[in-house]
Amino acid sequence: MGKSSEEIKNLEIRRMNREETEFAIEMAAAEGWNPGIHDGELFYETDPEGFFIAELGGKPAGCASAVAYDDEFGFLGLYAVKPEFRKKEIGMKLTEKCLEHLGDRNIGLDGVVENEKKYQKVMKFKSSYSNLRFEGRGGGKTSDGLVDISEIPFEKLLEYDRRMFPAPRQGFLKKWIKQPDSYAFAAQEDGDLKGYGVIRKCRQGYKIGPLFADEQCTAEKIFRALRASVPEETFYFDVPEPNKKAMEIAKKYQMNVMFRTIRMYSREEPVIELDKVYGVTSFELG
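Conventions used here
Each chain has its residues counted from 1, following the order in which its sequence is written. A pLDDT threshold of at least 70 governs which residues receive local features in this predicted model, and a stricter bar of 80 or more applies before side-chain atom pairs are shown or counted, although totals over entire chains, interfaces and linings include all residues. For side-chain calculations, the full set of non-hydrogen atoms in the structure is used, while hydrogens and water are omitted. Here a helix means four or more residues in a row that DSSP labels H or I, a strand means two or more in a row labelled E, and each is numbered from the N terminus. What the globule rule says is 2.2 Å times the number of residues to the power 0.38, and the radius of gyration is computed from C-alpha atoms. Only protein chains enter the accessibility calculation, which uses a 1.4 Å probe; a residue whose area is less than 20% of its type maximum is buried, one above 50% is exposed, and one in between is partly exposed. Note on contacts: a residue pair is in contact if any heavy atoms of the two residues lie within 4.5 Å. Note on areas: these come from Shrake-Rupley sampling with a 1.4 Å probe, and a residue is covered only by the protein chains present in the view. UniProt positions are given in the numbering used here, feature names are shortened, and annotations may be inferred rather than shown by experiment. Of the two site types, the cavity is a set of points on a 1 Å grid over the protein atoms alone where a 1.4 Å probe fits but cannot get out, and the pocket is an open set with protein on both sides within 12 Å along at least five of seven lines, each lined by residues with an atom within 4 Å of a point. Grid points are joined across faces, edges and corners, and a volume is the space filled by probe spheres set on the points. Classes in brief: Ala, Val, Leu, Ile, Met, Phe, Trp, Tyr, Cys and Pro nonpolar; Asp, Glu, Lys and Arg charged; the others, Gly included, polar.

The name recorded for the protein chain in an unreviewed UniProt entry is Acetyltransferase, from Methanosarcina mazei.

Enquirer: Break down the overall build of the protein chain for me, citing the residues and quoting the values.
Expert: Helix and strand content of the protein chain: 9 helices and 13 strands. Taken against the 2.2 N^0.38 rule, which gives 19 Å for 286 residues, the C-alpha radius of gyration of the protein chain at 19 Å falls within 12% of a compact globule. By principal-axis analysis of the C-alpha atoms, the protein chain measures approximately 70 × 40 × 35 Å. Expressed as a percentage of the 286 residues in the protein chain, the buried residues total 57%. The long-range fraction of contacts in the protein chain, counting pairs at least 24 apart against all pairs at least 6 apart in sequence, stands at 74%. With the model as given, the accessible surface of the protein chain reaches about 13,100 Å², and the carbon-plus-sulfur share is 47%.

Enquirer: Can you explain the UniProt feature "domain: N-acetyltransferase" (unreviewed entry) in the protein chain? Please cite residues and give values.
Expert: On the UniProt side, "domain: N-acetyltransferase" (unreviewed entry) is annotated at positions that read residues 11-159 here. Strand forms 35% of residues 11-159 and helix 30%; the C-alpha atoms that close the span are 43 Å apart.

Enquirer: Talk me through empty space enclosed by the protein; I want residue IDs and the actual numbers.
Expert: Left-over empty space is what a probe sized like a water molecule reveals as it rolls over the atoms. Inspection of every chain in the model, using the stated rule, returns 1 cavity of 30 Å³ or more. Quantified by volume, the largest cavity comes out at close to 110 Å³. Lining the largest cavity are 15 residues, with Tyr129, Met164, Arg263, Ile272 and Val277 positioned closest to its centre. Going through the elements one at a time, strand S6 (126-137) and strand S12 (256-265) are the ones with two or more residues in the lining of the largest cavity. Looking at the lining of the largest cavity, its residues break down into 11 nonpolar, 3 polar and 1 charged.

Rendered as structure tokens:
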């Protein structure tokens, strides 16, 4: 029996506990994904059964998450293997465990460009569109006519969010909009919610996500308010490339593209109002 086979015999894939999510966040940081400083707790509580750690000879070697939002939709993320343990089938074993957890749900992921063909060939995922991460500097004037998101009835916010996200995410959203070290604003008109956005503290600077709005002018108002909330900081903005109006905002404020991911699904692309998704919530949870 070869050395590789012996190593796989010593491989264990198991569910993480809450404390072990910090390993996943550290792995994400090492990969350059710049996680939010509260992401571990917020992500884990969305689906505590959906976070997995790979151990080789009792040592952490890799991780992945498979968050089940409801019976129809799930999302893969936080997929990383330590460099010294790559090419040992660990990634595939983690993937198998994640897919087993999510069952026959439609599954989304944001894959790095270099892995797109692997996801297509091995996992049979279909590419839908690119997301672009932009980098800019905080500051500028804030916008009139917005309210703190705490003033919006949560059920109204949840109903609005569902138009732009493939599943209801009540537990996640309730904590996400109230997380420490963050700012969140909403736009209303005649009592109707017209958009909302969140910006959160990350390992480096801040990151906008989500930013949903009915109109470009509303999205830009919320964008300016979020940007003005972090005047001395670098911030990041993850934009679906098909939303040309969102791309226009990023370019108007002289933001630079850092990298690209490929949004992929195991089945069909979900029916959402993508033209109103100006900023993706996160590459890890969709």
